[in-house]
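Breakdown of the fold
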Amino acid sequence: MNAWLHMQSRAIRMFALALLLAGIVPIAYGIGLFAWQCVTWVSAHHWVPLPARLLVDHGMPQTTRVTGVLTYIPEIPAASLTLAERFPALHRVMLGLLDMLPLTLFVAALGALAASMGRSIAAWQADLLRAAAQRESDRLRRRQEYLKEEGNLKEERRIEPW
């Protein structure tokens, strides 16, 4: 294998690892929010719902229990505003779906998607490296066979794997 393949494979492997780690962070965040909900439920005997709409709209009606964790939930206003201006009906449907979807599940699903993409890229890269190593070993094996037969045969005879 040549130096370019090594450098390229190392860069792709680092990207896959970064994507995997970037996927683990939202999963841990979702687990932490769910743990906070469970602790609140055990201590106050009341489940505090955290809809995914909190990501785009911190101004929605909330209980006093939600305001304690609201500082740990990022708000993404730009995506919501541009969608509302261009497609008001789609914006209402999206907000309705985000109201039904729990924030912890939404964040963990996005993290799982990113982590699985990183894992699949790493597996794809491992397959490519394995194939390149196999091609290299086949090339060296054929070269050894050529050298052995060089003394016995005067015409060139190539041995190919196909």
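Residues numbered from 1 in each chain as written. Predicted model: local features only at pLDDT ≥ 70, side-chain atom pairs only at ≥ 80, totals over all residues. Heavy atoms only, no water.

So, on to helix H1 (residues 3-44). Taking 1.5 Å of rise per residue, the 42 residues of H1 would be expected to cover 62 Å, and the 61 Å separating its terminal C-alpha atoms lies within 8% of that figure. The set of residues buried in H1 consists of Ser9, Ile12, Ala16, Leu19, Gly23, Gly30, Leu33, Gln37 and Thr40. Where H1 terminates, the next one or two residues include His45, which has phi positive at roughly 55 degrees. (Helix = DSSP H or I, 4+ residues; strand = E, 2+ residues; numbered from the N terminus. Expected span 1.5 Å × (residues − 1). Buried < 20%, exposed > 50% of the residue type's maximum accessible area, 1.4 Å probe, protein only.)

For the structure shown, the criterion picks out 4 salt bridges. One salt bridge connects Glu136 with Arg139, and the closest N-O pair in it is separated by 2.8 Å. Taken as a pair, Glu136 and Arg139 lie in helix H5 (residues 103-150) at a separation of 3 residues, close to a single helical turn. Using a relative accessible area of 27% as the deciding quantity, one classes Glu136 as partly exposed. Arg141 is paired through a salt bridge with Asp138; the nearest N and O atoms lie 4.0 Å apart. In this pair, Arg141 and Asp138 are both assigned in helix H5, 3 residues apart and thus about one turn of the helix distant. A relative accessible area of 36% places Arg141 in the partly exposed class. (Salt bridge = Lys/Arg side-chain N within 4 Å of Asp/Glu carboxyl O.)

Quick look at the packing of aromatic side chains now. Counted under the stated rule, the structure contains 2 aromatic pairs. Look at Trp41 and Trp47: their rings are 6.3 Å apart centre to centre, the planes differ by 80 degrees, and that puts the pair in the edge-to-face class. Its relative accessible area of 47% is what places Trp41 among the partly exposed residues. These aromatic residues form a ring-pair network of at least three members: Phe34, Trp41 and Trp47. (Phe/Tyr/Trp six-rings, centres within 6.5 Å; stacked < 30°, edge-to-face > 60°.)

The topology assignment puts Ser9 in helix H1. Non-local contacts of Ser9, meaning those with residues more than four positions away in its chain, are made with Gln125 and Leu129. (Contact = heavy atoms within 4.5 Å.)

On to helix H4 (residues 88-100). Helix length check: H4, at 13 residues, gives a terminal C-alpha distance of 19 Å against a target of 18 Å (1.5 Å per residue), a fit within 8%. Of all the positions in H4, only His91, Leu95 and Leu98 are classed as buried. Angular distribution of buried residues about the axis of H4 spans 60 degrees; they occupy a single face of the element. Structural note: H4 exposes Arg92 and Met100 on the side pointing more than 90 degrees away from its buried face. (Arc of directions from axis to C-beta.)

Mapped onto the secondary structure, Arg53 falls in the loop between H1 and helix H2 (64-67). Among the polar contacts listed, one links the side chain of Arg53 to the side chain of Asp99, at a separation of 3.0 Å. (Polar contact = N/O pair within 3.5 Å; in protein donor to acceptor, adjacent residues only side chain to side chain.)

Turning our attention to the environment of Arg10. Tracing the chain through its elements places Arg10 in helix H1. Separated by 115 residues in sequence, Arg10 and Gln125 have C-alpha atoms that sit 9.4 Å apart.

Let's shift gears to the confidence of the model for the chain. Looking at the chain, the pLDDT average stands at 81 and 82% of residues meet or exceed 70. Per-element mean pLDDT across the chain ranges from 68 in helix H3 (residues 77-86) up to 89 in H1. (pLDDT = per-residue confidence, 0-100.)

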